Each structure stands twice: as C-alpha cells, then as structure tokens.
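Read off the chains here:
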Amino acid sequence: MSTTPFVKSERLQKLPPYLFAEIDKKKKAALAAGRDVINLGVGDPDRPTPPTIIKSLQHHVENPAFHQYALDQGAPELRQSIAKFCKARYGLDLDPNSEILPLIGSKEGIAHFPLAVLNPGDISLVPDPCYPVYRSSSMFAGADVYTMPLEPSHGFRPDLDSIPTDVFNRARLMFLNYPNNPTGGTADLPFFEKVVNLAKTHDLVIAQDAAYNEMYFENPAPSILQIPGAKDVAVEFHSLSKTFNMTGWRVGFAIGGAPQIAALGQVKANCDSGIFTAIQFAGKTALDEYETITPPIRALYKERRDAFLSSLKKIGWNATAPEATFYVWIPCPAGYTSTELCGRLLDEADVVTTPGLGFGRTADGYIRAALTVETPRLIEAVERIGKLKL
Ligand SMILES: *Cc1c(COP(=O)(O)O)cnc(C)c1O
C-alpha cells in the first residue's frame, strides 16, 4: 500500500506566511543559552488574575450542575451582568436574551463571525497592520480581503474616503479595532458615526474589536454601539482577557443587533458547546466588580508607559505615547526594516520586540513593544538598546 503524503487544504496554504519564526527561534536559543532576556514581545498581562475572580471560580467549580454542558447562548446570569456593565460603562440598553453573546474569548467570536456574514467572493475590509485573525477568518469564509492602511497621519484610522466605489459594491464586512493593537491608535464617537453611516449606505456589517476598551489612560474608550442606530450594522467584540488579567481563562462577549448576534450564535452552536459555566460565573464576578478591579490595572500600565516613553526619549527614540492599550508602536531608526531591527535588539541587547511586518505589509517601519514586564525591566531594556550602535 502506498501512502500519499498529507497535503493541507488550499485555504490553509493561502494564509500569509508566519513571520515570527526567525525571532521565535532566536528567542528560544537565547533563553536556552541562559541569557537574561527581557520579553516585550507578547501581548499577555504578566500579573496574575485578581483574587476575587479566582475565589469566585473556586466557589463555582464545586457546583455539580456546572460540570455538565453549558448553555450555547451563555449563562443568563452572565448575560445580565454584561448588560449591566454595558449600561453603566457605555449607557447602552441591550437585551440580554438577544443582543449579548458570551464567547470563548473574543478571538473565538472574531474568528467565527465572518462565517455568519460573508459569502465566497464578497470583500472583507481589513485594516493593516492588524490582529492577524481578521484576515485569516475572512479568507476561511472565502472572501477577498481589501487592505485598509492605518497611517499615522490619519491617527491610525483607515482613510474611508479613499476606498473605491467598486470595492464598496462588493464589500460586506469591515473589521475595526479600537483601541488598536498594534498601533495604540484610538477612535472617537465622530469617527464611529462616520463608519456607521458608511455601513448603512453600503450595506456593510461592522465588526469592531474592543479588546482594549478598558485599557485606556485618560479618556475612556467609546463603544461603537453608542452611535444611534449602530445596532443595525455593528457587532462589537469585548474581552475579559487583557482587562482583568484573564487571558488563559477564555471568556469574552459579543454585543450588537439581534439578527447578527443570532447568526454568530448559529455558527457557534455548530462548533462549540459553550464556556465552562464556572468560568462564566467568574467572568460575571469580574464584570460586577470592574469599578474596583480595573483602576489599579490601568494605573500600572500608565506608570509603565510613562517610564518606558521617557526612557526612550533619553536615548533619542521618538515614539508617541499610546492613549490606550499596553503597546508602544515605535518607528524604526532610518535604514532598518522591522525584522532587521528586532533581530539586532534580540541578538545584541537580549530584548524581544515584535516586528511590525508581522501585523501587515504597511507596518515594516515599526516595531511593537508590549508593556508586560515590571517598570525597572522596561527601563533596563531601553538602557540596553541605548548602548547599541544603530
Ligand atoms: C488579545 C486580543 C484579542 C483576543 O482576546 P481574547 O478575548 O483573549 O480571545 C482580540 N483582539 C485583539 C486586538 C487582541 O489583541
């Protein structure tokens, strides 16, 4: 018997190449060699989940009713708490039964949403740079991706007026992500209003990724659903991961119009069987307590941001202070591509950063630093970089 070598699907073969392989290899080698590596590469909070949330899980995990399959539409108690949170934080009136859907992390919902919206041959409008899932999930749904560059001159917002009419005619979905990973750019209500109007004109669905909405420094980030009528066209994805130091727990939620939320629920009902109910109740505790839990987390990142930015300034590097997110988007010194620069920072300073190219073709002139190590280590990282002859 002959065995034919496995060939993966065309859909996987079409995905953009994994650009972090080289950096990953170097990082592993540096760690294996016992070098003192400072890792500013990963967008994952370094601090543990707050004790109140852990205690809530410990309590609820004892409940035998929670050991069985969870409800596909999420626990009603969690949906109630999400509704209360969205009312208190954004002034939104959401029906917990039809306009809220808990997710196994927002990534899961973002990855499944295009299957609920797009037909093969539709266009999906995707920002560049971006969280890579927008592009891959659009491609999995058979859509063509149209890239919307995020330029600093536009405040890292897409230039909506530059999108050609024939693109709009075929476009069905637009991804947005504010506050933005990796650029740290933010959106305001007038921008969201423009987006909602555009969506109504061109019969578009907006998927706004609000994973960093609670990680702001001066002005609380808005929800796109604050725009009157936005529910007709927009779904917003929220995450407990970064907000509450809960990346490993896998809980987030989608909010928006009932038909779009139901469509996402239909995809999910065919893929997963809900979130472990004890985790949903721990998530409920997090949201119920957000006014006490989140201010110290924001204060910590603000302190780190300010220390990191002033250290960068001392070595003559100019980066803009992000108004939200725990990322600093740093322009490469003249003559460097992002991969070359990240390579040198790792080889010669033992500092891991992420090359902009990994987030999109337009971002090769930037690297991303995540503020996910303690302040003294952030300062040390910059001091090491300052000693290099770049
Ligand atoms: C981290 C991140 C997510 C994923 O969050 P989960 O809720 O943990 O799945 C989504 N979008 C962006 C932009 C992120 O950086």
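About the cut-offs
Residues numbered from 1 in each chain as written. Predicted model: local features only at pLDDT ≥ 70, side-chain atom pairs only at ≥ 80, totals over all residues. Heavy atoms only, no water. UniProt positions renumbered as here; feature names shortened; annotations may be inferred. Core = buried A, V, L, I, M, F, W, Y, C linked by side-chain atoms within 4.5 Å. Buried < 20%, exposed > 50% of the residue type's maximum accessible area, 1.4 Å probe, protein only. Helix = DSSP H or I, 4+ residues; strand = E, 2+ residues; numbered from the N terminus. Domains from an automatic or database assignment. Contact = heavy atoms within 4.5 Å. Phe/Tyr/Trp six-rings, centres within 6.5 Å; stacked < 30°, edge-to-face > 60°. Buried area = accessible area lost by both parts, 1.4 Å probe. Salt bridge = Lys/Arg side-chain N within 4 Å of Asp/Glu carboxyl O. Axes fitted to C-alpha atoms, helices over the stretch in contact; angles between N-to-C directions. Parallel < 35°, antiparallel > 145°, perpendicular 65-115°, else oblique. Left-handed = near helix turned anticlockwise from the far one by under 90°. Nonpolar A, V, L, I, M, F, W, Y, C, P; charged D, E, K, R; others polar.

In the annotation of an unreviewed UniProt entry, the entry for the chain reads Aminotransferase, and the organism field reads Singulisphaera acidiphila. In its Cofactor (unreviewed entry) section, the UniProt entry covering the chain states "pyridoxal 5'-phosphate".

Q: Lay out the nonpolar core with the relevant residues and their values.
A: One finds Leu40, Leu125, Met174, Phe244, Ile255, Phe308 and Ile330 to be the most contacted residues of the largest nonpolar core, which totals 99 residues. In terms of residue count, the dominant contributor to this core is helix H11 (residues 290-314) (7 residues). Counting the residues that make up this core, at least three belong to each of domain 1 (11-48 + 292-385) and domain 2 (67-291). Other than its neighbours up to four places away in sequence, Ile330 contacts Phe308, Leu312, Trp317, Ala319, Gly365, Tyr366, Ile367 and Ala369. Core analysis: the second largest hydrophobic core is formed by 21 residues, Phe113, Val126, Ala141 and Ile261 among them.

Q: Summarise the packing of aromatic side chains; cite the residues concerned and give the values.
A: This model, assessed by the stated rule, comprises 15 aromatic pairs. With a centroid separation of 4.8 Å and an interplanar angle of 15°, the aromatic rings of Tyr134 and Phe175 are classed as stacked. A residue pair is termed long-range when its members are at least 10 positions apart, and Tyr134 in helix H6 (residues 133-140) and Phe175 in strand E6 (residues 171-177) qualify at 41 residues. With relative accessibility at 1%, the residue Phe175 sits in the buried group. Measuring from centroid to centroid gives 6.2 Å for Phe191 and Phe192, while their planes differ by 45°, and the two rings are tilted. One exposure class covers both Phe191 and Phe192, and it is buried. Taken together, the aromatic side chains of Phe156, Trp329, Phe359 and Tyr366 make up a single cluster linked through ring pairs.

Q: Tell me about the domain arrangement of the chain, and please be specific about residues and values.
A: We note that the domain assignment places domain 1 (11-48 + 292-385) and domain 2 (67-291) within the chain. For domain 1 and domain 2, the distance between their C-alpha centres works out to 25 Å. Contacts between domain 1 and domain 2 engage 34 residues on the former and 35 residues on the latter. Around 3,100 Å² of area is buried between domain 1 and domain 2 when both sides are counted, 61% of it from carbon and sulfur atoms. Three residues stand out in domain 1 for area buried against domain 2, namely Arg298, Thr325 and Phe359, and they jointly supply 19% of the buried area on that side. For the interface between domain 1 and domain 2, the tally reads 2 salt bridges.

Q: Break down the packing of helix H4 (residues 76-90) against helix H10 (residues 277-288) for me, with residues and values.
A: Put simply, H4 and H10 touch, their axes get as near as 9 Å, and they point 20° apart. Taken as axis vectors, H4 and H10 run roughly parallel relative to one another. Crossing of H4 over H10 shows left-handed handedness. Contacts from Glu77, Leu78, Ser81, Ile82 and Phe85 of H4 reach H10 at Gln280, Phe281, Gly283, Lys284, Leu287 and Asp288. When the residues that make up the contact of H4 with H10 are grouped by side-chain class, the tally is 5 nonpolar, 3 polar and 3 charged.

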